[in-house]
Structure formats: C-alpha cells, structure tokens
Amino acid sequence: MNVRVETAALVVSLVSFLSLNVSCTPLHPKLFDEVEVEPRVQLEQYRLNDDVLPSHYDIEIKPYFEAENEKKAFTFDGHTVISVTASKENVAQIRLHKANMNITSWSVMRKSNSRLVRSENETYDEETQILTLHLNETLLKNVEYLMVFNYVGVMEENMRGFYRSYFYENGMKVWLGSTQFEQTEARRAFPCFDEPKFKATFQLKLSYKPLQYEIFSNTRITKSDVIGNNRTLATFGITPKMSTYLLAFIVAPYSTSGDGILQILSRPEASNQTAYGIDQGLRLLQALGDWIQYPFNNVTEIQRMYMAAVPDFAAGAMENWGLITYRESSLLYVPEDATSLQQQRIATIISHELAHQWFGNLITCEWWDVTWLNEGFATYFEYFGTALVEPTWELEQQFVVEKLHTAMQTDGALSTHPMTHPVYTQAQAAAIFDTISYNKGGVVLRMLEHHMTKEVFKNAIVEYVKERQFSASRPEHLFAVLDKHNYSASAFMKPWTTQPGFPLVTVTANANGFTIIQQRFLANHTDHEDELLWPLPITFATNGDEFANTKPTVVTSESYNIYMKNATDVKYFILNNQQVGYYRVHYADELWDKISTALRTRGFEGIHVLNRAQIVDDLFNLAKADVMGYRKALDILEYLKEETEYAPWFAAANGLAALSLRIHSEDEKLFAQHVMDIFAKVYEYVQFQAPPHSEHRLHTYLRRLVLDWTCRYGHEGCSTSALKEFESFRANSSAKVHPDLRQVVYCEGMRRGSHEQFDFLLNLYLTTNVATEQQLALQGMSCATEKAVIHKYLNFTSSPDVRRQDKGAALTLLLNNQNALESAASYLIENSGHWAEAHGGYEKVAMALGGILTRVKDVTVRETIAQFAEASKDVLGTDAYELISKGLEEYDNNQQFTMNHRDEILGFLSLKTASGSSRTVIANVVVALCLVLLAVW
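Cut-offs used in this document
- Residues numbered from 1 in each chain as written.
- Predicted model: local features only at pLDDT ≥ 70, side-chain atom pairs only at ≥ 80, totals over all residues.
- Heavy atoms only, no water.
- Disulfide = S-S within 2.5 Å.
- Helix = DSSP H or I, 4+ residues; strand = E, 2+ residues; numbered from the N terminus.
- Buried < 20%, exposed > 50% of the residue type's maximum accessible area, 1.4 Å probe, protein only.
- Expected span 1.5 Å × (residues − 1).
- Contact = heavy atoms within 4.5 Å.
- Phe/Tyr/Trp six-rings, centres within 6.5 Å; stacked < 30°, edge-to-face > 60°.
- Salt bridge = Lys/Arg side-chain N within 4 Å of Asp/Glu carboxyl O.
- 1 Å grid on protein atoms, 1.4 Å probe; cavity = no way out; pocket = protein on both sides within 12 Å on 5 of 7 lines; lining within 4 Å.
- Points joined across faces, edges and corners; volume = space filled by probe spheres on them.
- Nonpolar A, V, L, I, M, F, W, Y, C, P; charged D, E, K, R; others polar.
- Core = buried A, V, L, I, M, F, W, Y, C linked by side-chain atoms within 4.5 Å.
- Pairing = 2+ DSSP bridges.
- Axes fitted to C-alpha atoms, helices over the stretch in contact; angles between N-to-C directions.
- Parallel < 35°, antiparallel > 145°, perpendicular 65-115°, else oblique.

Here's the deal with the state of the cysteines
Stage number 1. Scanning the entire structure with this criterion turns up 2 disulfides.
Stage number 2. Note on cysteine connectivity: Cys711 is disulfide-linked to Cys718, with sulfurs 2.1 Å apart. The disulfide joining Cys711 to Cys718 has a torsion of about -105° about its S-S bond and is therefore left-handed.
Stage number 3. The residue that forms a disulfide with Cys747 is Cys783, at a sulfur-sulfur distance of 1.9 Å. A torsion of -100° about the S-S bond marks the disulfide between Cys747 and Cys783 as left-handed. Of this pair, Cys747 sits in helix α19 (residues 739-751) while Cys783 sits in the loop between α21 (771-781) and α22 (787-797), placing them 36 residues apart in sequence.
Stage number 4. You can call Cys783 buried: its relative accessible area is 8%.
Stage number 5. With its bonded cysteines labelled in order along the sequence, the chain shows the pairing 1-2, 3-4.
Stage number 6. Among the cysteines around Cys192, which has no disulfide bond, Cys365 carries the closest sulfur, lying 16 Å off.

Now the structure itself:
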C-alpha cells in the first residue's frame, strides 16, 4: 500500500507534496505526532490464537445504494461461510474479528455431514473487535467445520471496509461502493480471521443491479444468475490462498479501458485519462515479472490485472491481488494537465503496487510487526522497478534524497523504532506503516544489494519468492535464503532491522591513514550513552574515479583504522561512496576544509553528485544536532552557488526549509538575502521558461525547485515572469500555463493576489475533470497571504467541495505557508466547532493547532492558542488538550533552539552581508577607475 493519507496529512516539507513520491507514502517527518492511545486491555488479547485455522471463505454481499423494501440506503446484507479446522484438542470457543456489523444469526456445523455443533452464546469486545463464539461441545482436531454468519453491514464514507464513494456525471451524483481492507478493515465487510498469517481462499458473490452498476473483484466472474428485483447474483472465481486484507470488490458504473491482461477501471468521464497508466502498467508488469523470474499470471487464479481509480481513497493506492485500487491522481494522467513529477509519481506508485503482487500478496508478512517485508520491498521496486522501464529518469539519485534522507529525519529521533517492532492494537498496526517500514526498509535492501553485489542479491530474492510463495513470512525466512547466497548476509542485515536509529561515523586523520568511530546519531541528544553498534559498510574515495566502488568492507567494531600511505597528501577523503550506507559522516576540521576546497573547485574535484547531496544533508543535520557549528556548516554550503544538479539542491532545499523555521524573526531579512545569494547562479542556469521537449528530467525538476524558492523569497525576475503567466491565463483560459511551471505560477499569483485570484483558482479546482490539476489549484490557493483569503481557503477546505481524502493535504499545504500561520490559528480558534464537525472531531482541531505551533515564531500566536486550550479544555477533551499541550512544548523547545544558535547563525549571515557589501564597493571602485582611465585615454 502506498502510505495512508491520514498519516501523511501532517507531513511537513517546504518542498511541496507535489514533488514527493508518497503518499502515503509511505512517507516523511510528521508535523505533529498524535497522542498514543494506551491499550485498554492486555496486549495479547488484541491477537487471535491459533486454535482454529480458516482455509476457505464463501462470501455473499448485497449492497443497497438507496432504500429498498425495508432495507436502508448504504447498508448491505452479508452471508459468510468459513471453512475452519481445529489445530488442537478440546477447542470449545472460536475467536475471530468483526466490526460495525449486526450479526443476525450464526452457527457452526461439521462439514462432512452438516451436523450442528451445540452452541452457547457469543461475546464481543469492542476494544479488540474480537467476537468469541462459545460452544457446548469441543471441536475435533483436524476435522473441517463450517462457520455460518448472516449479518447487516454499513457502507460508510470513512474509506474503510466496504465503503461508499461518489462522482458527478452530467451534474448528477452517482454512488459507488469500493473496499479498503488493509490493515484491519476486512472485518467490516465480513466476519473473519483478520490477521495476515491466516491465509485462505475466497469465493465472492455479489448481488447487484446490472442496469445501474458494473462489478469487479480479484478474479473473473464465472457465473451470473438473474434473481429478480432487477438484480443479478454474480459469482467470482476462487482466489489464490491469501490474507483477508487482499480481498477487494467494487460496485460502480465504471468504464473499462484496455483489452489486454491489464485494464483500468474509472468513472466514464475519466476513461480518456487511462492510456499512460495502461502502458506503464503493462511495461512494469512485464519487467518486474522478468526480474523476479515469476510472471504474475503464473498464479493461475490471477490471469488479468485490474487497476481502478477510486474518487475517495484514503491511501495513495492498495495492492489487492488482481484488483489494485488507486486515488485518481495516482493513476490517471493527462499530459496537458500534469507536471513531469506527477507523471513520474504515477509510474512509481504503479511500480510499488505491482511489486506487492509478489512482495505482500504471494509472500505476506506474518504480522504487522514486520510490515517492512511487504513495504520495504515495494519501496525498493517503486524506484528500481520503474528504472527498469525508465532508465533515463535517474531514479537512484532521487531514491537517495527522497527515501534515504527522509528515513534519517525520522530515524534520528529518540522516539523512532526498529524496522521489526512489536505491534498489537489497531492503532499500532496503522502507525507501523510509516517512514521506517517503507523508506528505511527500501534503503536497507539497497545497502544489502551493494554488499552482496547486484547479481547475487537478485538471485537470492528470486529464490526467496519461489521458496515462500503463498506463505506468510518472517525475517528469518528471508535471512535463511540470503545466507545461502552470501554467508554473511543475515549477519550484515539483521542489526539494521532490529535496532532503532543509525550511526554517526566520525573520521579523523593520522600519519598512517584515517580512523573512524561509530556511535548512534540522535538529532537532539548529542550527549547520550547509547552503545548500539552496526555492521558498517565502508567505502571511501580520495579522487573522482574511486566513487564508482560501492562494494564495501564491513566494519563491526566501534573504531577502525583505514591505512593509507601519504594520507595527508590526498585532496580529500570522503566516506560512503554514492551514499549506499545508511549513516551520517562527520569529519575532523582539516578534512572538512579539504572537502570544502574541493567543492569550490571546478568540477567539484570529481566528487560524485550523490556524495555532494550526502554532504549537504549531513552538514545541515550535524549542525542542528550540535555535532558541528552552524558557522562552519553554512560556510561549506556556500559551494552551492556553483551547484547545478538536482540531488544536492533537493537536499539543500530540505535543509534550508528546516533552518528557516528556526531563524529568529528579526534576522529573516538577512536569511532571505542569503537564500537569494546562493540561488542566484542556479536561477540563471535554469531560467524561468517552459522545459524543452527533450530536456533532461532532473533539470526540469531542478527548475521547479529553484523557481519555487526564488519566487517565494522575492526574486524580481521570477515573480514578474510568474505573475505575467498567471494573469495571461486568468484573462484567457485557453492560454494554459505549462504544467511544469504551474506550481510556481499558481502560487505566486495567489501570493501577490487577493480574492479575485483565489476565486479564479477555486473555479479551476471545482470545474476541472483532472485530479492532478486539482492538486495544483489547491496548492496555489494555499499560498494566500491576506487574512480574509486564508479564512476563505479554510472555509472551502472544510466544505464538501474538498473530499475527505484531500482535507489533510489541504491543511498541510497551508501550514507550509509561513505567512498564513497567524491567520490560520485565528480561524481555527474562532471556528473550532465547525472544523471539528467537518474534519472528524476536536482532535483534528488540536492537530491543526499543533502543526501551527511547530512552525510559528510569534509568541502572541502561542499565547492565544494556550488561552484557547485552557478555556476550551472540557469541550476539547483530554486527547485533544494533550495534543495542544504537546504543541506548546514543541514551540518552547523550538524557541530555545533558536536562541541557543542565534548568535552563531546571525554572525555568519552578518559577516556574509558585510563581505558582500565590501565586494560591491570594491567592484564599484574598479569600475569607476576604469571609467577615469578611459576618459583620460
């Protein structure tokens, strides 16, 4: 699954969410963590036992989209029969899951002769969602029984279980039903053993009205019977043996595009947006099957692949076996209305979900504590699978700055967790689908690949798939296969999966070479006694040719000496070639000085682009953690004035975004001058222009990043060009802005505009038929600076015009706008009741205010929020009040950080400004002397 939006909604990066590949990924540091709900029962009680094992489900669902006879609209009748076997003697009760349904009857019978098992009653635990059936006789071991349930369920709008969604066709609202069962929501559609290890086969029957709807599921329809009342009962083929969360079905008036083994399902008015998804899907399905040496349709029950675009969808996408569901913006593509990055995001999400057909579906994590076995592999193939069909996109560069660097942001906190981490409750199961399981999982697999070599790694993974097919898996199963191909593979990989965090490697020089020392890196705790050690993959370079070597020497000790003759004569010493290893590097001052000198030399003395990105990311984070001073870090980063590659600038943008939040408000003018200075040359390099058709893709991405920053910080040329484009489009809707300029143009038009500009983008949002254009319009509106317009934006995002799936992203976009925070806080305080009703409770109010507190600098805003929290404590409730309290604490910590580092940062900025002024004076004097000489001559 691509990361859930409810988690990603509180993600912060001044690099827009449109520039990132997740969703949910799946994906980035949280603005504000939710208060962790304490388990209300013993942890073991959240899990099912292994007393009874399911083998097959027969499920019949009859949905009602309108009242029918005595049936209420948006309910469904269900009938489920589960084949089970007792795994031990004397089993007198059966525990399984159900949620939000009314079971009208149940029974247990012996399959061979239909003899009923005498039953007593049932009990239900609302907290664990476990239904216990109490029997008056014991089940016979290894004898098959049938559990029969009749029930009524509800199709809610919460994008969980079997839920309802809608779209408009010719101005009329059209309802549809779709499913989202991962992690623990299959129990909302049918009683089941809702843990991934309980694999079984499924046969689904759907009762529907064929004059109004089409139906789809994991497998093909094998039988259709007309049953009266304008209904047909369709029977689907039996599925492969799989987990409950992978069953899926859709009841919708959808169009089907494509006629091969891969087809796209969509609302009819979007069927002209499916060509790219079909083409990429087919290419990726073939490429992944070839790499894994296991074509997807080797699974005989899955002979075709549906990919469905669902209007309301909580996750970015979901890998249901044979019926993958997506947000529209993650699947549908119109070249005229999507950026190059949005196009790439569609391709990589498709690759992520198709990879799950093997890693997640064919082989499934045994329990959510090892979610990384699903999501780590999918994240790896999200990039490296796409690279198989798009080799010119330089996806490895993007992987490092988007996945590795982002993983470190989360993993550098004391509150992080290992990749393999205990999970019991539903909340914990949802929370484990995070940056660690996704990004760190993919990063560790890439690191392992270079340790084993590409060919050996591939051979091992191919064997793992064949050995564990149709089974649940634990890390030890993967490790056992890896060790067959490289005896040290599991010894190398396991500590990275079982230990939290990652190392900081400190490098010093001596007469005979270099000494490295490892210790855990913690972003806010430089003085700690943590003694964790990792198997470090060590590579290094002293010249440009050596960066190609990524086969490491593994160091398991705390310290290690690298012997080198004439070590003092090397131009530089840089550790971790192409940043394959998952660690930060800090150098002694004299080594940093050599690196700085090399970076300021023409061609950067051959330092690899990924190592330049690594250095940039490390410098910002080492200074933030007080491992080194800001003055030295910022001085080395001055090299960026000559940088023209995307990866280092992406890392710089993230670092500058974080630093900008900690600049004292009185020093912001100096910081803005600094930003404009380091971006000056790269702006001239990319220019404000539409990308030529044959332009290098990363150059297009670089332009978007540079224009975003220069326009935001007041670059006159950028602002003038953007406003010209915006007003031309506003005057003539056929004069569309090039998609790769729209993010900047829409934002600058709104930043410098007022109600008229907002209403123009609002109309665009409401009338476009293209989800990617809606994203761009929403992002543009979020750049408002006037209080009344910001309030208008918040009213709009609280309305039904913004779907529930997009409300979190709408807030995140606004919180990225520093100029909107005070106005947003006033709106939320004045309209807290309305916000709670529209967004799902007062905890959502608290999350929004908490997000503001982590970013705002004005103490008046802090005090206003604090007063509101105290005055509204009873209305807010305990959890929401604690969220705001945590935000207030975060504000205080941030302000303390600002004051602790202000002098050093201000000293650098002031010195830079003074030296810049001196250079200007000298230049003016030289010009004046030249003019005098010319006059004399």
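And the narrative resumes.
With respect to helix α20 (residues 755-767)
Stage number 1. Compared with the 18 Å implied by 1.5 Å per residue over 13 residues, the 18 Å span of α20 between its first and last C-alpha is a close match.
Stage number 2. When α20 is considered as a whole, its buried residues turn out to be Gln757, Phe758, Phe760, Leu761, Leu762, Leu764 and Tyr765.
Stage number 3. Where the residues of α20 are buried, they touch α18 (716-731), α19, α21, α22 and α23 (804-815).

A short note on the packing of aromatic side chains
Stage number 1. One pass over the full model with this rule turns up 50 aromatic pairs.
Stage number 2. For the ring pair Tyr587 and Trp592, a centre distance of 5.0 Å and an interplane angle of 85° mean the geometry is edge-to-face.
Stage number 3. On the accessibility criterion, Tyr587 (3% relative accessible area) is buried.
Stage number 4. Measuring from ring centre to ring centre gives 6.3 Å for Phe729 and Tyr746, while their planes differ by 10°; the resulting arrangement is stacked.

A look at the pattern of salt bridges
Stage number 1. Inspection of every chain in the model, using the stated rule, returns 55 salt bridges.
Stage number 2. Here Glu156 makes a salt bridge to Arg188, at a shortest N to O gap of 3.5 Å. One end of the pair, Glu156, is in the loop between β8 (144-154) and β9 (161-169); the other, Arg188, is in the loop between β10 (172-180) and β11 (201-208), with 32 residues separating them in the sequence.
Stage number 3. The exposure class of Glu156 is partly exposed, given its relative accessible area of 28%.
Stage number 4. In this structure Arg188 comes out as buried when scored by relative accessible area, which is 11%.
Stage number 5. For Arg703, the salt bridge identified is with Glu695, shortest N-O distance 2.8 Å.

A short note on the side chain of Arg862
Stage number 1. Within the element layout of this structure, Arg862 appears in helix α27 (residues 859-871).
Stage number 2. Residue classification places Arg862 among the buried residues on the basis of a relative accessible area of 14%.

Let's talk about the layout of surface pockets
Stage number 1. One number sums up the size of the second largest pocket: a volume of about 860 Å³.
Stage number 2. Along the walls of the second largest pocket sit 34 residues, with Arg712, Asn816, Asn817, Gln818 and Asn819 positioned nearest its centre.
Stage number 3. For the lining of the second largest pocket, the secondary structure elements donating two or more residues are α16 (668-686), α17 (697-712), α19 and α24 (821-830).
Stage number 4. A breakdown of the residues in the lining of the second largest pocket according to their chemical character gives 14 nonpolar, 11 polar and 9 charged.

Some points on the nonpolar core
Stage number 1. Counting 302 residues, the largest nonpolar core has Phe190, Phe193, Leu575 and Ile852 as the members making the most contacts within it.
Stage number 2. Look past the residues within four positions of Phe190 in its chain and what remains in contact with it is Tyr57, Ile59, Thr80, His97, Met101, Tyr151, Phe181, Phe202, Thr244 and Leu247.

Focus on the sheet that holds strand β4 (residues 91-97)
Stage number 1. Taking strand neighbours across the sheet as the criterion, the 3 strands line up as β4-β7-β6 in an open arrangement whose pairing is antiparallel. Strands with a single pairing partner mark the edges of an open sheet, and in this sheet they are β4 and β6 (119-125). Along the sheet, successive strands turn relative to each other by an average axial angle of 20°, direction set aside.
Stage number 2. Strand direction decides the pairing type here: β6 and strand β7 (residues 130-139), joined by 5 bridges, are antiparallel. In the strand pairing of β7, Glu122 is matched with Leu133.

Observations regarding the sheet that holds strand β30 (residues 584-587)
Stage number 1. Pairing is mixed in the open sheet, where 4 strands are placed in the order β28-β24-β23-β30. Either end of the sheet is taken by a strand with one partner, and the two such strands are β28 (559-563) and β30. Neighbour-to-neighbour, the strand axes of this sheet turn through a mean angle of 25°, independent of strand direction.
Stage number 2. Two elements, strand β23 (residues 503-510) and strand β24 (residues 513-520), share 8 bridges in a ladder whose sense is antiparallel. By the bridge assignment for β24, Asn510 is matched with Gly513.

Side note on the packing of helix α4 (residues 372-384) against helix α6 (residues 395-411)
Stage number 1. α6 packs onto α4 with a crossing angle of 140° between their chain directions and a minimal axis gap of 9 Å. Classified by the interaxial angle, the pair formed by α4 and α6 is oblique. Residues Thr379, Glu382, Tyr383 and Phe384 of α4 touch α6, and the partners they reach there are Leu395, Glu396, Gln398, Phe399, Glu402 and Lys403.
Stage number 2. Its residues assigned to classes, the contact of α4 with α6 comprises 4 nonpolar, 2 polar and 4 charged.

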